[in-house]
Structure formats: structure tokens, C-alpha cells
Amino acid sequence: MVIPVHDVNPVRRTPYVTYALIAANVLVFLFTPGLAGSVTGDSDLSQLCHLQAFLDHYAAVPQELIHHQLPRSIPTGEVGTSLQGTPGCVVGPPDYDKSPPLSVFTAMFLHGGWLHLLGNMLFLLIFGNNVEDRMGHVRFALFYVACGYAASYGFALLNDDSGDPLIGASGAIAGVLGAYLVLYPKARVWVLVPFLVFLPLRLPAWMVLGFWFVLQAVYSSGEGVSDVGTVAYAAHVVGFLAGMLIAWPLRPGTPPPPEPRGLLFGRRARPRHTW
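It should be emphasised that the depicted structure is a prediction, and the values quoted were computed from it without experimental measurement. (Residues numbered from 1 in each chain as written. Predicted model: local features only at pLDDT ≥ 70, side-chain atom pairs only at ≥ 80, totals over all residues. Heavy atoms only, no water.)

Q: I keep staring at the state of the cysteines and nothing clicks. Help me out?
A: Overall, the coordinates contain one disulfide when judged by the stated rule. Across the disulfide from C49 sits C89; the S-S distance is 2.0 Å. One disulfide, between C49 and C89, carries an S-S torsion of -95° and so falls in the left-handed class. Residue C49 is located in helix α2 (residues 44-58), and its partner C89 is located in strand β3 (residues 87-92); the two are separated by 40 residues in the primary sequence. On the accessibility criterion, C49 (0% relative accessible area) is buried. (Disulfide = S-S within 2.5 Å. Helix = DSSP H or I, 4+ residues; strand = E, 2+ residues; numbered from the N terminus. Buried < 20%, exposed > 50% of the residue type's maximum accessible area, 1.4 Å probe, protein only.)

Pasting the structure below:
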């Protein structure tokens, strides 16, 4: 797997939405209860119980998305002891009403660890700014959310009997990668290729992102990977295809959409030019 570090593709405006998404993901991670590296200070079994309760509340679950099968008992976040004296997480009826469609949105900002978070944010930082530049701030924000929903529901349809929580921004970011491939296939991307040492290479975007997509498609079938049950590769594939489809009308040779009039993020929108 190649690791992208920078693309040679300047932007015309500051990618406020991309920066805001990265900041939001980092902040949510830092305040997610029960995660190593969070500021909540939980540890051991208490950490696990708090994390399970938090994910049951805010993560997307395929069974809930497709069949609206909400659990009757969930972890409460408290630690208890069984009749046999074994410590464990206390379960009970939920004290909240969960909306499965809304959980898809909240799940986009949840991550299971630093590696999961930083890997996603790296891809979003490198490729999101140009896609935002092409689409405009508001359209890019809507595009990002739409790709995240497509990825989550696509995965849920393929795994409708799964009760495992689905978290992470990778489905939405996969849509960003698909859009980048359509919009800037010839842009150059600096990558690190692991071969004894990390070799820096400058490759065209179509090669980097095309290779990434092929790997996700292969992994989603269970070939060549041992953790297919813990990584939603199928969501990456669906998100990527959704991003390509949505971005197709904006491919090179077509004019960019007009920027909405008025103030946008505190600055007056600038005119856009055909390119």
C-alpha cells in the first residue's frame, strides 16, 4: 500500500470545510469516552464499558439501518459483577431514543484509535482541498455527507444481519478520493512506497487512487486480508463509486458550478472561472 504525503495541485481558495472536518474529527476523538488517548481518563474495564455504551448510542449499526431492529438491552457504561463474581459491563434498557439515520452522520466522526483517525485525516487533507476548491464550500460539505451516507447504507445492505457498530470517516473520504480521480486524474501525487525502506515517488493520481480502489475491492471480497471482519472495505468501495458518480458532471472540460452569492464563511464569495 502506498502512502500519499502531498499532491502537486494548487488550490485557489482556502479549504475551510476540509479544515473544519479535520478539526471536528480530532475533537470528537479526543472526547470519546473509553478510547486510549482521549481526555476522559478511563482505563481497563471501565474504559471498555464506557466505549461500548457510547458506540451503541452514536455508531451506525447495519441491523438498525436496514431493519430498524433496536436492541432492548445495551451497555450502560457502568461496571458490575455477575452472580458468579465475574466483573463486566452492566446492561439495561436504553434511556434514549436512537435514530438510525442520524447515527450514520454521528458515526462519520468516530474513530477507533489514533492510527484510524490519522490515516483518514491524511487522505482528507491531501485530496479534500482540491475537491472542495472545484465544488465550492457548501456543495463540498453536502457531497461529503452524501458519500458517507451512501457508504454506510451500501455496507448495511450487504451486511444487513450485522449488529457490529460501523464507525469512521473513511466512507465519506472514499467519496472524496473517487471525486478526485474524476476531476484530477493527471495530477501528481508524492507517495511513500514501502520497499525495505520508504521510497518517495511522484505518481499520477489515477495510478495512486486506482490502485487504492482495486485493493479495497479485493479486500472487500475477503481475499488477501485477515481483518475483513473489522474493516468495512465494502463501504470504501461504495463511497468511492458514489464520489465518482456525483463528481462526473464536473470532470475536466466542464465549467465549475457558480458560487452562491453573498457572504460565505465570513468572506464574500469570489467569481469562479471556467477551466
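Having seen the model, we can carry on.
Q: What am I meant to see in the pattern of salt bridges here?
A: Here the idea is simple: oppositely charged side chains can pair when their charged atoms come close. According to the stated counting rule, one finds three salt bridges in the structure shown. For the salt bridge of R12 with D133, the shortest nitrogen-to-oxygen distance reads 3.2 Å. With a gap of 121 residues between them, R12 in the loop between β1 (3-8) and α1 (16-30) and D133 in helix α5 (residues 114-135) connect regions that are remote in the sequence. Accessibility expressed as a relative area gives 36% for R12, which makes it partly exposed. Across the salt bridge formed by D133 and R13, the nearest N and O atoms sit 3.2 Å from each other. Of this pair, D133 sits in helix α5 while R13 sits in the loop between β1 and α1; the two residues are 120 residues apart in sequence, bridging distant segments of the chain. Under the relative-accessibility criterion, D133 is labelled buried at 3%. Judged by relative accessible area, which is 14%, R13 ranks as buried. (Salt bridge = Lys/Arg side-chain N within 4 Å of Asp/Glu carboxyl O.)

Q: Looking at this model, I keep getting lost on the environment of L199. Mind explaining?
A: Considering the arrangement of structural elements, one finds L199 in strand β5 (residues 197-204). Residues L199 and V2, 197 residues apart in the sequence, show an inter-C-alpha distance of 9.6 Å. Apart from the residues lying within four places of it in its own chain, the contact partners of L199 are V191, L192 and V193. (Contact = heavy atoms within 4.5 Å.)

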